[in-house]
Amino acid sequence: MTPQEIGDELTNLFGEGVQQTSVETWQVETNEMRLLVLLSEDQSWLRLLVTIAPAQEAAPLLPQLMEANFDETQETRYALFQELLWGVFQHGCEGLTRSDFRSAVARLIALQQQGLSESFSRLAEAQIRQIIQAAKQQGQSLEATMQTLDRLYEEGVMGDIDLGGAARSQVLGAWRYQLERLWHDEN
């Protein structure tokens, strides 16, 4: 794709939200996101970027983010730079088609919209599976495991010790749902 084609495609996708800040740089501003489009100085490669989250928020989820890079992000990737987690797409301009470009933009928007939620869900599920595995190794039933979690919440070992009864009940209900959902999957 040429710089002209890139500009045209961005205008087709985002209309007046596109600003070309230099010969090699575009910025797209919408209510939901900001997309940066950068060409190398020799205009041989293209990079598309969206911010996802501060790096500090993403740090506990880096293993899940790296797994997503391998399995799920398709042509886009997560990357850390300047204390931010970014969604990134890089491609040589010569072989880049309009279809590939539109697909990459759509994928980056999807990564930005999901934020850290998918990675957090994978981390939470892995931790729940560890709890289940430990409980089963100790010969505990699902009900005994729930009682242990309830006690840990009451003592402030898990969650907020000042958590009110209704809020704690809601949290424990979520735990129960996840434990019941995964209990029989763990051998």
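Presented here is an overview of the structure given in this document.

About the thresholds
Sequence order as written defines the numbering, with residues in each chain counted from 1. Per-residue local features are limited, in this predicted model, to residues with pLDDT of at least 70; the limit for side-chain atom pairs, both in listing and counting, is 80 or more; totals at the level of whole chains, interfaces and linings are taken over all residues. Water and hydrogen atoms play no part in the side-chain values, which are based on all heavy atoms of the structure. We treat two strands as partners when DSSP finds at least two bridges between them. Comment: elements are numbered from the N terminus, with helices defined as DSSP H or I runs of at least four residues and strands as E runs of at least two. The buried label applies to any residue whose accessible area, calculated with a 1.4 Å probe on protein chains only, is under 20% of its type's maximum; exposed applies above 50%, and partly exposed to all values in between. Pairs of N or O atoms within 3.5 Å make up the polar contacts considered here, provided that, within protein, one atom can donate a hydrogen while the other can accept it, and that residues adjacent in sequence are counted only when both atoms are side-chain atoms. Orientation is described by lines fitted to C-alpha atoms, with helices fitted over the stretch in contact, and by angles between N-to-C directions that extend from 0 to 180 degrees. The scheme is simple: roughly parallel for angles under 35 degrees, roughly antiparallel for over 145, roughly perpendicular for 65 to 115, oblique for anything else. Put simply, a crossing is left-handed when the front helix is turned counterclockwise from the back one by less than a right angle, and right-handed when it is turned clockwise. For this analysis, residues touch if any pair of their heavy atoms sits within 4.5 Å.

1. So, the pairing of strand β6 (residues 84–92)
Walk down a regular strand and you will see the side chains alternate between the two sheet faces.
Now for step 1: Alignment of strand β4 (residues 45–54) against β6, held across 9 bridges, turns out to be antiparallel. Within β6, the position partnered with L46 by the bridge is H91.
Now for step 2: Of the strand pairs in this sheet, strand β5 (residues 77–81) and β6 are connected by 5 bridges, and their pairing is antiparallel. The residue of β6 that forms the bridge with Y78 is G87.
Now for step 3: Hairpin connection, β5 to β6: the antiparallel pair is bridged by 2 residues, and Q82 has positive phi, about 50°.

2. Focus: the environment of Q137
Now for step 1: Within the fold, Q137 resides in helix α5 (residues 117–137).
Now for step 2: Classification of Q137 by relative accessible area gives exposed; the value is 67%.

3. Structural notes on the environment of S22
Now for step 1: Note that S22 resides in strand β1 (residues 18–22).
Now for step 2: When the C-alpha atoms of S22 and G7 are compared, they prove to be 11 Å apart, with 15 residues separating the residues in sequence.
Now for step 3: At 3.0 Å, the side chain of S22 forms a polar contact with the side chain of T25.

4. Some points on the packing of helix α3 (residues 62–71) against α5
Now for step 1: Viewed as axis vectors pointing N to C, α3 and α5 meet at an angle of 115°, and their least axial separation amounts to 9 Å. One finds that α3 runs roughly perpendicular with respect to α5. For the pair α3 and α5, the sense of crossing is right-handed. On α5, the residues that touch Q64, L65 and A68 of α3 are S119, R122 and L123.

5. Observations concerning the sheet that holds β5
Now for step 1: Strand order in the open sheet formed by 6 strands is β1-β2-β3-β4-β6-β5, with antiparallel pairing between adjacent strands. Bordering the open sheet on either side are β1 and β5, each of which pairs with just one other strand. Ignoring strand direction, the axes of neighbouring strands in this sheet form an average angle of 30°.
Now for step 2: Where α3 meets the sheet, its contacts fall on β5 and β6, and the angle it forms with β5 comes to roughly 135°.
Now for step 3: Against the sheet, helix α4 (residues 98–114) engages β3 (34–39), β4, β5 and β6, with an angle of about 10° to β4.

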